[in-house]
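The residues making up each chain are set out below.
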Amino acid sequence: MVHSASSPKPESRWYRVPIVWMVIGIPLFSVVFTLSIVWISVKTFDGVVEDDYYRKGLEINRDLARDRYANSINLQAFGKIIGDKLNVQFESDVGEVWPDRLQLGFYHPTVANRDVILDLRHTSSGQYSASLSALGHGKWNVITGTDAWRLEGTLFHPAAMGFDLRPVQSVHVSQ
């Protein structure tokens, strides 16, 4: 039997045609991908790191004055973690009156609920100590201060068991 050019080709079923699967597959993949991203974002909500950012913005000038004062008296601190004990030694060019208690915070850069705030006890001239429960691995911004001064530093835990605290240096922009 000879087929002529005008004879029809046998029809194939729609699910055997590759272009049909591509036309159905791309939008279907987009819908599934979008729904999975929505599910992940709802399940892993991190919250706002700083709830009251406007008030914090207004306090910047006060914080800068604290940094300038700490810089003017050459105030600095050195912290060391030994086991579950934290020791911090403060030093200054002037005779600073050290408070009996001082708060020191380990702030996680991205997840606020991992922050740890310690109450340091004054043990001797400029020496403070506190019990430090398990501090998670990673980078920590370390901040302490009083109404008059503020010091900041960074700790990469557990790679480094110690850290330095210094006043934030002002940046001067020339025009």
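Our subject is the structure listed above.
Treat the numbers as computed from the prediction; the structure is a model and nothing was measured.

### Some points on helix α1 (residues 18-43)
- Helix length check: α1 (26 residues) gives 37 Å between terminal C-alpha atoms against 38 Å at 1.5 Å per residue, within 8%.
- At Gly25, α1 shows its maximal kink, close to 25°; a proline, Pro27, follows between one and four residues later.

### Concerning the pairing of strand β7 (residues 150-157)
- Pairing of strand β6 (residues 138-145) with β7 involves eight bridges; the strand directions are antiparallel. Bridging from a neighbouring strand, Val142 pairs with Gly153 of β7.

### Quick look at the environment of Gly153
- Looking at where Gly153 falls in the secondary structure, it is placed in strand β7.
- Taking relative accessible area as the criterion, Gly153 reaches 14% and is therefore assigned buried.
- Distance in space between the C-alpha atoms of Gly153 and Asn141 is 6.0 Å, their sequence separation being twelve residues.
- Discounting chain neighbours no more than four positions away, the residues touching Gly153 are Trp140, Asn141, Val142, Asp164 and Leu165.

### Focus: the pattern of salt bridges
- Summed over the entire model, instances satisfying the criterion amount to four salt bridges.
- Between Asp119 and Arg101 there is a salt bridge, with its nearest N and O atoms 3.5 Å apart. Remark: Arg101 occurs in strand β3 (residues 101-107) and Asp119 occurs in strand β4 (residues 116-124); sequence separation between them is 18 residues.
- Here Glu152 ties to Arg150 by a salt bridge, and the two come within 3.4 Å at their closest N and O atoms.
- By sharing partners, the salt bridges in this structure join Asp67, Arg150 and Glu152 into a single network.

### Some remarks on the pairing of strand β1 (residues 76-82)
- Across seven bridges, β1 lies against strand β2 (residues 85-91) in antiparallel orientation. Along β2, the bridge assignment pairs Gln76 with Glu91.
- Pairing of β1 with strand β8 (residues 162-165), which is carried by four bridges, proceeds in the antiparallel orientation. Bridged to Gly79 within β8 is Phe163.

So, how was this worked out
Residues numbered from 1 in each chain as written. Predicted model: local features only at pLDDT ≥ 70, side-chain atom pairs only at ≥ 80, totals over all residues. Heavy atoms only, no water. Helix = DSSP H or I, 4+ residues; strand = E, 2+ residues; numbered from the N terminus. Expected span 1.5 Å × (residues − 1). Bend = angle between axes of the 7 residues up to and from the residue. Pairing = 2+ DSSP bridges. Buried < 20%, exposed > 50% of the residue type's maximum accessible area, 1.4 Å probe, protein only. Contact = heavy atoms within 4.5 Å. Salt bridge = Lys/Arg side-chain N within 4 Å of Asp/Glu carboxyl O.

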